[in-house]
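Observations on chain architecture
What follows is the residue order along each chain.
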Amino acid sequence: MRVLVTGVGGFVGPVVAAELIARGHDVHGLVRDSVSPRLADLAVELHRGDLLEPDQIEAVVSGVNPDAIVHLAGMSFMPAAEADPHAAYRTNLDATLALLGAVRVRTPKARLLVVSSSTVYGAPAADELPVVEETPLRPENVYGASKAAAELAALQWRRAYGLDVVVARPFNHIGPGQDPSFVCAALAGQIARMELGREPPLLRVGNVDPVRDFSDVRDIAAGYAALLERGASGAVYNLCSGEGASIAEVIALLRTHARIPLSVRSDPALRRKTEAPRIVGSAARAARETGWKPRIALSDALATVLDDWRSRTATVPT
């Protein structure tokens, strides 16, 4: 298939591109400004365009004429969405609407994989765990609400205009290249600097009790490819490990990979005002209908994140 990946230069984009290439697909990527160095060694044909400019995205879709599109582009950092809700809805909803419009006009038979988020579920009750696709959508923040709006719009366009839409709801995923505003990357970055002696061996953390469902980004990318190839049109799929780990457990695993002994201190400034105590999902539908299952253990994923931060930190002048 000829596949267009929006947001190809972000954290997940290069991993998705690599997975699709490995499966024999012809991969094209949409970029707005600068090109990520993580794309340098990948056989991806890049196209410039802004999803908030409908004429530009329509021209790209028309030129590429894709068989399928993986829609990754969007605002992904929750505090940024809270700080500017208008920008969050423009980036996550308006851009999706522009892409839907371009597909409807130019490539109406193309499959569109809309990447949503587990945050659309909000804070599920204990008796609702593990979260399944039928769990009610109750987003508690701007980011989750904007992603819910985007996926609902896409599914409505499928019903109204016959587009081939599949929705993915990934849970937390980690890997090289992730922004340090995310917890596992932040912790790994601290450890990498400690190992070089640039910080004292005291890991500063927020609330260590919340439990989340972490996956390696390579597993999630393989899940997107599986949904693109074998997912049912109009269906929604959770992508997750199905297992919960607290932040305290994440820290314990990172300490086993650290090259120095380190202590841990809770910093009230790093605590979020409200956090769901436990969010764990079920990917049974994706496994049953596409054969996808996560394969990389959390400890191995965290080791990869830490190695990435060692490389990044070593190139930063003291």
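Read on for an overview of the structure.

As a further point, take the pattern of salt bridges. Tallied over the entire structure, the rule returns 16 salt bridges. For Asp33, the salt bridge goes to Arg32, with nearest N and O atoms at 3.4 Å. Comparing Asp33 with Arg32 shows no difference in burial state: the two are exposed. For Asp308, the salt bridge goes to Arg312, with nearest N and O atoms at 3.1 Å. In this pair, Asp308 and Arg312 are both assigned in helix H10 (residues 298-314), four residues apart and thus about one turn of the helix distant.

As a further point, take helix H1 (residues 13-22). Among the residues of H1, Gly13, Pro14, Val15, Val16, Ala17 and Leu20 are the ones counted as buried. In this structure, the buried residues of H1 make contact with strand S1 (2-6), strand S2 (26-31), strand S3 (44-48), strand S4 (68-71) and helix H7 (217-230). Just downstream of H1 lies Gly24, where phi reads positive at about 90 degrees.

A separate point is the packing of aromatic side chains. Applying the stated criterion across every chain yields a total of two aromatic pairs. For the ring pair Trp157 and Tyr161, a centre distance of 4.9 Å and an interplane angle of 70 degrees mean the geometry is edge-to-face. One end of the pair, Trp157, and the other, Tyr161, are both in helix H5 (residues 142-161), four residues apart, so they sit about a helical turn from each other. Trp157 gets classed as buried once you look at its relative accessible area, which sits at 15%. According to the relative accessible area criterion, Tyr161 is partly exposed, its value standing at 37%. In this arrangement the basic side chain of Arg104 is found over the ring face of Tyr161, its NZ or CZ atom lying 3.7 Å from the centre. The positively charged end of Arg312 is found above the aromatic ring belonging to Trp309, 3.9 Å away from the centroid.

This part takes up the nonpolar core. Side chains that are nonpolar tend, in soluble globular proteins, to be buried together. If you look at the biggest cluster of nonpolar residues, it comprises 43 residues, and the most contacted ones within it are Leu20, Val70 and Tyr224. At the level of elements, S1, H1, S2, S4, strand S5 (111-115), strand S6 (164-170), H7 and strand S11 (236-239) are the ones that each hand at least two residues to this core. With nine residues, H7 is the single largest residue contributor to this core. Contacts of Val70, omitting those with residues within four sequence positions, involve Val3, Leu4, Val5, Thr6, Val16, Leu20, Leu113, Val115 and Leu228.

Here we come to the packing of helix H2 (residues 54-64) against helix H4 (residues 85-106). At a minimum axis separation of 9 Å, H2 and H4 run at an interaxial angle of 45 degrees. Taken together, H2 and H4 sit at an angle that is classed as oblique. The handedness of the crossing between H2 and H4 is right-handed. Contacts between H2 and H4 involve Pro54, Ile57, Glu58, Val61 and Ser62 from the first element and Ala98, Leu99, Ala102, Val105 and Arg106 from the second. Counted by class, the contact of H2 with H4 contains seven nonpolar, one polar and two charged residues.

Conventions adopted
Residues numbered from 1 in each chain as written. Predicted model: local features only at pLDDT ≥ 70, side-chain atom pairs only at ≥ 80, totals over all residues. Heavy atoms only, no water. Salt bridge = Lys/Arg side-chain N within 4 Å of Asp/Glu carboxyl O. Buried < 20%, exposed > 50% of the residue type's maximum accessible area, 1.4 Å probe, protein only. Helix = DSSP H or I, 4+ residues; strand = E, 2+ residues; numbered from the N terminus. Contact = heavy atoms within 4.5 Å. Phe/Tyr/Trp six-rings, centres within 6.5 Å; stacked < 30°, edge-to-face > 60°. Lys NZ or Arg CZ within 6 Å of the ring centre and 35° of its normal. Core = buried A, V, L, I, M, F, W, Y, C linked by side-chain atoms within 4.5 Å. Axes fitted to C-alpha atoms, helices over the stretch in contact; angles between N-to-C directions. Parallel < 35°, antiparallel > 145°, perpendicular 65-115°, else oblique. Left-handed = near helix turned anticlockwise from the far one by under 90°. Nonpolar A, V, L, I, M, F, W, Y, C, P; charged D, E, K, R; others polar.

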